[in-house]
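# An overview of the molecular structure
Okay, here's what each chain looks like letter by letter:
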Amino acid sequence: MFPAGVSGRLDVHIKHKSYRAASGGRLHVLGEFSFALANGEVAALVGPSGCGKTTLLRIIVGLDHKFEGRVQLPAHSRLGVVFQEPRLLPWRTVEENVRLAAPQASDTALSALFATLGLAEHRCHYPGELSLGLARRVALARAFAVEPELLVLDEPFVSLDAALAARLRSELVELVSRRPVTTLLVTHNIEEAVGLADRVFLLSASPARVLADLPIDRPRIARTADEVAAIRAVIERRVDQG
Amino acid sequence: MNLMLRAASIALLLAAWFAGSHIVGARLLPEPQAVGLAIVQEARSGALAFNLGVTLARVAASFTIAMALGTVIGLAMGRVVFLDRLADPWLVVLLNLPALVIIVLAYVWAGLTESAAIAAVALSKLPITIVTVREGARALDRMLDEMATVFRMGMWIRLRHVVLPQLAPYLAAAARSGLSLVWKIVLIVELLGRPNGVGFEIGVAFQLFDVTRILAYALAFVVVMLAIETFLVQPLERNVSRWRVRPA
């Protein structure tokens, strides 16, 4: 079920999620799983590869309805999603890709968004003319242009080089700080989680369940490199403890 | 270079035609200039333009009907498994039914009318369009579909900006093969049951054993179809694939 809830608040209660395996048996992907995010809160889901993070996101954004449990989306259910792949329409320009997802966006808002993400000179380019880094920025621009109540990012910076990923992360921080939005980020990069999130959920191996809910009190803009390293060390200890 | 090769190829064809005419005789294969003269005479009398126009109108009508219906049915069958299973046996029957049978049955059931002729041609072309578009619909990118779902894109926007551009190569293939198939079937339809058109004129010329006139009409119509392919189909195809990055 996907009822619309209090503005900006996300409630997830999953009892069970499994797939039918090719061999005929059932493959359990998610176990008992509950969490809630307040309006404007940024949470990161950190867990080993294949633990069911992407399945969880697909359930939350309404792409997978075959599960036991309940997901309550923010009030107007306006979603901004950044998939692992940019998923741009190759036959539409950068600007058209964004406008098709966000037809209500004003010219001023789009220009500001493109300027923040360094896309101003690429508005008329086709996705095939962009590097992967630029294509990921367009995917980010599309998600923000919607002015979502819930922003969902599925390993948005995977397969980028470290410098470019760091730059895109700081652009994301700037966008989230400028317009607070309830955000759920999936990553297995602990540094990324600590740099962006207010809360980090540590997930177990498949079938995934929440091992720990770690709040980060210090505002993300004020976090120093030493503090990020300290939080990271705490998380890594918890991961080692399993 | 490309143009030179084409010119050389056409010159070779004309030379072979000329030589063939001398070997088998002008009655069986008239010389190119005799056929050219016949085209000019038919054009001067106004018969060529009239018959070409009538045949082209039939081609346009049956082609449009077959493409429109074939796209809708092919898309539905490619997307909905239930519909695909339900309609597939019909499709196999239609695919294997000779065009001649469809034409004869259409004339028997509906009379020697314009609508029977156009319906028969459209029905002959329809299954190939359905099969081609169905393949395109099966190959639609699921990831783009999901993107359109999460961003709540409306039906029309999805169809126009997500689905149809993916189907464009399949539609182009269906249009290309369809155009060449449709005009050949239209000629048979005209030969069997219409009082005008290129097919009718070829039928009359056949009864009079006038090979010059047969070749004159056939050649004139091939030129018209080549012009449509060069000045309409190819530019349209270039336009819809302008987003593809080409090597420098």
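Structure: above.
These numbers were taken from a predicted model, which means no experiment stands behind them. (Residues numbered from 1 in each chain as written. Chains lettered and ligands numbered in written order. Predicted model: local features only at pLDDT ≥ 70, side-chain atom pairs only at ≥ 80, totals over all residues.)

Right, let's talk about the packing of helix α3 (residues 47-79) of chain B against helix α9 (residues 198-207) of chain B for a bit. Helix packing geometry: the angle between the two helix axes and the distance between the axes. Residues and elements named next belong to chain B. Following both chains from N to C, one finds α3 and α9 inclined at 125°, their axes separated by 8 Å at the closest point. Between α3 and α9, the interaxial angle falls into the category oblique. Listed contacts from α9 to Asn51, Leu52 and Thr55 of α3 are Val198, Gly199 and Glu201. Tallied by class, residues from the contact of α3 with α9 come to 2 nonpolar, 3 polar and 1 charged. (Axes fitted to C-alpha atoms, helices over the stretch in contact; angles between N-to-C directions. Helix = DSSP H or I, 4+ residues; strand = E, 2+ residues; numbered from the N terminus. Parallel < 35°, antiparallel > 145°, perpendicular 65-115°, else oblique. Contact = placed C-beta atoms within 7 Å. Nonpolar A, V, L, I, M, F, W, Y, C, P; charged D, E, K, R; others polar.)

All names here are of chain A. Within helix α1 (residues 53-60), 7 of the 8 residues are buried, which leaves it mostly tucked inside the rest of the structure. Listed in full, the buried residues belonging to α1 are Lys53, Thr55, Leu56, Leu57, Arg58, Ile59 and Ile60. The positive-phi residue at the C-terminal boundary of α1 is Gly62, with phi of around 90°. (Buried ≥ 20, exposed ≤ 12 C-beta atoms within 10 Å, placed from the backbone.)

This part covers the pairing of strand β6 (residues 79-82) of chain A. All names here are of chain A. Here β6 shows a buried face lined by Leu79 and Val81 and a second buried face lined by Gly80 and Val82. Sheet analysis places β6 next to strand β7 (residues 150-154), joined by 4 bridges and oriented parallel. Looking across to β7, one finds that Leu79 is bridged to Leu150. (Pairing = 2+ DSSP bridges.)

Here the focus is the interface of chain A and chain B. Contact with chain A, which involves 16 residues of that partner, is made by 15 residues of chain B. Listed by contribution, the elements that provide at least two residues to the side of chain A that touches chain B are β6 and α2 (94-101) of chain A. Grouping the constituent residues of the side of chain A that touches chain B by class yields 11 nonpolar, 1 polar and 4 charged.

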